[in-house]
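Here is how the chains run, residue by residue.
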Amino acid sequence: KTHRSLESFFKNWEELSGRDGDWINIYRWKPDTLLQFEEVSQSVALSPPALTNMRDYDEITAFLGEWGPFQKVIFFLLSLIVFPNGFVRMSIVFVGDIPEHRCLIPGNLNLSEAWLNRTIPLEQERGKLQHRQCRRYRLDVIRNLSATFADPDSINMSEVEQEPCLDGWEYSKDQYISTIVSEWDLVCGNAWKGPFSMSVYFIGVLIGCFLAGQLSDRFGRKKVLFGGAATQAVFCILQGLSPNWEVFCLFNFLMGIGQVSKYQSAFVLGSELLRKPLWTVLGTLGIPLSFTVGYMAMPLAAYFIRNWRILIFTLSLSSVLYIPLWWFIPESTRWLLLKGRVKEAEAIVRHAAKKNGVTPPEVLFNDLELENTKTKTQRSYSIIHLVKTKNIRIITGINLLVWIVSSGVYYGLSLNTPNLHGDDYLNCFFSAMIEVPAYIATWIFLQRFPRKFSLSGSFFLAGIVLCFIQLVPLGKFLQCS
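Cut-offs used in this document
Residues numbered from 1 in each chain as written. Predicted model: local features only at pLDDT ≥ 70, side-chain atom pairs only at ≥ 80, totals over all residues. Heavy atoms only, no water. Axes fitted to C-alpha atoms, helices over the stretch in contact; angles between N-to-C directions. Helix = DSSP H or I, 4+ residues; strand = E, 2+ residues; numbered from the N terminus. Parallel < 35°, antiparallel > 145°, perpendicular 65-115°, else oblique. Left-handed = near helix turned anticlockwise from the far one by under 90°. Contact = heavy atoms within 4.5 Å. Nonpolar A, V, L, I, M, F, W, Y, C, P; charged D, E, K, R; others polar. Core = buried A, V, L, I, M, F, W, Y, C linked by side-chain atoms within 4.5 Å. Buried < 20%, exposed > 50% of the residue type's maximum accessible area, 1.4 Å probe, protein only. Expected span 1.5 Å × (residues − 1). Phe/Tyr/Trp six-rings, centres within 6.5 Å; stacked < 30°, edge-to-face > 60°.

S.K.: How would you summarise the packing of helix α19 (residues 390–414) against helix α22 (residues 451–469) if you had to cite specific residues and measurements?
M.R.: Between α19 and α22, the least distance of the axes is 12 Å, while the angle of their chain directions is 40 degrees. In terms of their interaxial angle, α19 and α22 are classed as oblique. Every pair of crossing elements has a handedness; the one defined by α19 and α22 is left-handed. Two secondary-structure elements touch here, α19 through Val402, Val405, Ser406, Val409 and Leu413 and α22 through Leu455, Phe459 and Leu466. Within the contact of α19 with α22, the residues separate by chemical class into 7 nonpolar, 1 polar and no charged.

Below, the structure is given as structure tokens:
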């Protein structure tokens, strides 16, 4: 009976308002929306002509067009501001790389050259014989043996007792002048600290994901966008001044919060300033390609700057240079309207009309539309709403799973480029460059195929390729770490 009543009501509503029935499908056959049905029916009974004339934001600003000078500038600047994210985020590939190393042998042992070369045990690694990185022969035993035997080849060294690297390590300078690994001895027993440095960064990203949305709803998209940019710039500079590993991790954590806040806010601000046809272009080509260009530029900078502190400082300059964009990127007009700041929203829309060379109507927002906007501001949403109903819980769970798998695979491959065979800098560059055709292909797929097919198809392709990687022999294109 309830279903028949709803159906009859909405048929009458369509005839009265002249609207199509697409949005009505949201309510149809939903027994748990009786309250919404009652509210809507009361509104129709009170003032159907007014509701019929109600316009949404896209209709109000349709006179601006879709791709005028104003939209082009916004599209370009929001894409450009993400460039430092790719430049800085993947820097740990070189900043935290592990140089060739072995136990340090003090110079006061008075050992001959032959005995110095035999103080470190040999082992088979990657198909060749090389010195062990975390063990050495006991130096007191070596000193006694060297006093008795002039030639170390005359004794069986495998029987000599070994010990850890009690005096530290010496690192090869062939590729790096310094990294955080060589500066703070993040090897052997402390080898876990290198990967943990990046884990701390992603903990910051996780927290930033929760904070950015809440803060941007309260204080505005623009403030969070540039607050994230400032946070990234400041803590990236301070990271290069870190006196120890613990402080480095702290700054890396805070930088993760700033980077993801800026990245998310750029997407949101773009979707609220630009019209719907540009959302897919901004989300698949604009912002991601800017990130990729920064990612591609990073190994070039690392190739010429082999000291990790100078490299971090150089990369941080790219973040500082984008702070002046504050005076060129406006606040979200949709957010301003929801907060009742109508004059500011109107000023931005009229400025956009001037840039696009069109004449805006004398009255942009009528009283009824402003009242409707004011009503919307009284609604508040939180993270709890993502799990409030069964359908939303399913959608939230699927999205969480998709992002966990996607991020795990992406960063697992990207951060593992030092373990590929060949030149580390070229490997990192190619890893970034391959994203360019990937994003273009994504845009094409989203234009021509359903979202579900595009998403599941890309996951299926990635899974097949990852399975075939297992068939690649070690030593050809891969090496053990």
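S.K.: How would you summarise the nonpolar core if you had to cite specific residues and measurements?
M.R.: Of all hydrophobic cores here, the largest spans 89 residues; its most connected members are Phe94, Ile180, Leu225, Leu311 and Ile329. Of all the elements, helix α13 (residues 245–273) adds the most residues to this core, at 9 residues. Residues within four places of phenylalanine 94 in sequence aside, it is in contact with Tyr176, Thr179, Met298, Pro299, Ala302, Leu311, Asp424, Tyr425 and Cys428.

S.K.: Explain helix α17 (residues 342–356) to me, and be specific about the residues and the numbers.
M.R.: Here α17 spans 21 Å end to end across 15 residues, near enough to the 21 Å set by a 1.5 Å rise per residue. Where α17 ends, the next residue or the one after it, glycine 357, has phi of about 70 degrees, a positive value.

S.K.: Would you mind going over the packing of aromatic side chains in detail, with residue names and values included?
M.R.: Aromatic rings in a pair are described by how distant their centres are and how their planes are angled relative to each other. Applying the stated rule across the entire model yields 22 aromatic pairs. Relative to phenylalanine 196, the ring of tryptophan 192 has its centre 5.8 Å away and its plane inclined at 65 degrees; by these criteria the two rings are edge-to-face. Here the aromatic rings of phenylalanine 248 and tryptophan 308 are separated by 5.7 Å at their centres, their planes lie at 85 degrees, and the arrangement is edge-to-face. Of this pair, phenylalanine 248 sits in helix α13 while tryptophan 308 sits in helix α15 (residues 308–320), and the two are 60 residues apart along the sequence. A single burial state applies to phenylalanine 248 and to tryptophan 308, both of which are buried. An aromatic cluster is defined as three or more aromatic residues linked by ring pairs; in this entry it consists of Phe94, Tyr303, Phe304 and Tyr425.

S.K.: If you had to explain the environment of leucine 111 to someone new, which residues and values would you point to?
M.R.: Its place among the elements puts leucine 111 in the loop between β1 (101–103) and α8 (113–116). A residue is classified by how much of its surface remains accessible, and leucine 111, at 13% relative accessible area, is buried. Placed 31 residues apart in sequence, leucine 111 and isoleucine 142 show a C-alpha to C-alpha distance of 8.8 Å.

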